Amino acid sequence: MSETIFIVDDDPAVSHALECVGEFMNVPVRSFASADDFLMSVPLEATGCLILDLMLEGRSGLDLLRELRQRTSTLPVIVVSGHATVSIAVEAMQLNAITVLEKPFRLNDLMQKIEFAFRVDQSEREVRQEREAARSRIGQLTTREREVLVLVAKGFSNKQIAAHLGLSLRAIEDRRARLMRRLDSKSVADALMLLQRANMQPSDLVSC
């Protein structure tokens, strides 16, 4: 999915000016006159950035930003407004807006923010891809292998794990070898790094 500049602004003149910025940057642009139109048309996995006016008819820009975060969208948002109060600007930033630009703003400033937003979006997508790949590998473990990995992560030796689970040392060595092969990990440090990339704690293995 290609990067796109999404615009939500109910002022046609402003939308047209912002579309020209996208054309100048050679980036696809999609414009919407309301928050609801955007939500109905743009999937959560959309890539690029959103340029969002706060003062909209109907659902406000801030309402849309809240809704996107509730839906776990990570699409970078550049907020623009001619009427933003300090409290509104603070809330927008707390909702992970890239910046709040006050109208009128310099187009060069906007382009710099768009380029930054694209870099943020690319980084977020790479993190998500790594997390999904790590979780896929961890998902291949059997319940018994997860039990061993939890104890390995806690620093237990093979002998201690065998005593804790009431199994022979050989059985634990076999399980540990199998789980390391499934995770494609050559060391405990590799396995723990995989958990970190998956954004999982050892305790999460018990219920996964």
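Residues numbered from 1 in each chain as written. Predicted model: local features only at pLDDT ≥ 70, side-chain atom pairs only at ≥ 80, totals over all residues. Heavy atoms only, no water.

Caption draft 1: The overall build of the protein chain, seen in detail. Within the protein chain one finds ten helices and five strands. Computed over the C-alpha atoms, the radius of gyration of the protein chain is 24 Å, more than 25% above the 17 Å expected from 2.2 N^0.38 for a compact globule of 208 residues. Accessible area of the protein chain: about 11600 Å², with a carbon and sulfur share of 50%. If you average the places of the 26 positive and of the 29 negative side-chain charges in the protein chain, the two averages end up 15 Å apart. (Helix = DSSP H or I, 4+ residues; strand = E, 2+ residues; numbered from the N terminus. Rg over C-alpha atoms; globule rule 2.2 N^0.38 Å. Areas by Shrake-Rupley, 256 points an atom, 1.4 Å probe, with all protein chains shown as cover. Lys, Arg positive; Asp, Glu negative; His and termini not counted. Charge placed at Lys NZ, Arg CZ, Asp CG, Glu CD.)

Caption draft 2: Broad picture of the pairing of strand 4 (residues 77-81). Counting buried residues along strand 4, five of its five residues qualify, which places the element largely inside the surrounding structure. Here strand 3 (residues 48-53) runs beside strand 4; their pairing, made up of four bridges, is parallel. Looking across to strand 4, one finds that L50 is bridged to V77. With respect to chirality, the unit in which strand 3 leads through helix 3 (residues 61-70) into the neighbouring parallel strand 4 is right-handed. Where strand 4 and strand 5 (residues 97-102) come together, five bridges link them in parallel fashion. When the bridges of strand 5 are listed, V77 appears paired with A97. (Buried < 20%, exposed > 50% of the residue type's maximum accessible area, 1.4 Å probe, protein only. Pairing = 2+ DSSP bridges. Right-handed = clockwise from strand over helix to strand, strands pointing away.)

Caption draft 3: Structural context of the side chain of N158. Note on placement: N158 falls in helix 7 (residues 158-165). Within the local environment of N158, its side chain forms a polar contact with the side chain of R176, the two groups lying 2.6 Å apart. Not counting chain neighbours up to four residues away, the residues in contact with N158 comprise L169, I172, E173 and R176. (Polar contact = N/O pair within 3.5 Å; in protein donor to acceptor, adjacent residues only side chain to side chain. Contact = heavy atoms within 4.5 Å.)

Caption draft 4: Examining the pattern of salt bridges more closely. Considering all chains together, one arrives at 14 salt bridges under this definition. Residues E3 and R125 are paired through a salt bridge, measuring 3.4 Å at the closest nitrogen-oxygen approach. One end of the pair, E3, is in the segment before strand 1 (4-8); the other, R125, is in helix 5 (residues 107-138), with 122 residues separating them in the sequence. A residue is classified by how much of its surface remains accessible, and E3, at 27% relative accessible area, is partly exposed. With relative accessibility at 17%, the residue R125 sits in the buried group. We note a salt bridge from R125 to D121, for which the minimum N-O separation is 3.3 Å. Taken together, the positions of R125 and D121, both in helix 5 and four residues apart, correspond to about one turn of that helix. Across the pair, D121 and R125 agree in class, each one buried. Ionic contacts of the salt-bridge type, sharing partners, join the residues D36, R59, E67 and R71 into one network. (Salt bridge = Lys/Arg side-chain N within 4 Å of Asp/Glu carboxyl O.)

Caption draft 5: Looking closely at the environment of R135. If you trace the backbone, R135 turns up in helix 5. Exposure remark for R135: the relative accessible area of 40% places this residue in the partly exposed category. As a C-alpha pair, R135 and L194 span 59 residues in sequence and 8.3 Å in three-dimensional space. Residues in contact with R135, not counting those within four places in the same chain, are A198, N199 and M200.

Caption draft 6: Looking closely at the domain arrangement of the protein chain. Taken domain by domain, the protein chain consists of domain 1 (4-127) and domain 2 (140-207). Measuring from the centre of the C-alpha atoms in domain 1 to the corresponding centre in domain 2 gives 44 Å. (Domains from an automatic or database assignment.)

Caption draft 7: Spotlight on the packing of aromatic side chains. Throughout the structure, instances matching the rule amount to two aromatic pairs. Measuring from ring centre to ring centre gives 5.9 Å for F6 and F38, while their planes differ by 80°; the resulting arrangement is edge-to-face. Remark: F38 occurs in helix 2 (residues 35-41) and F6 occurs in strand 1; sequence separation between them is 32 residues. Here F6 and F38 have matching classes, each one buried. Ring geometry for F32 versus F38: centroids 5.6 Å apart, planes at 85°, classification edge-to-face. Judged by relative accessible area, F32 falls into the buried class, the value being 10%. Given a relative accessible area of 2%, F38 falls into the buried group. Counting every residue linked through ring pairs, the aromatic cluster contains F6, F32 and F38. (Phe/Tyr/Trp six-rings, centres within 6.5 Å; stacked < 30°, edge-to-face > 60°.)

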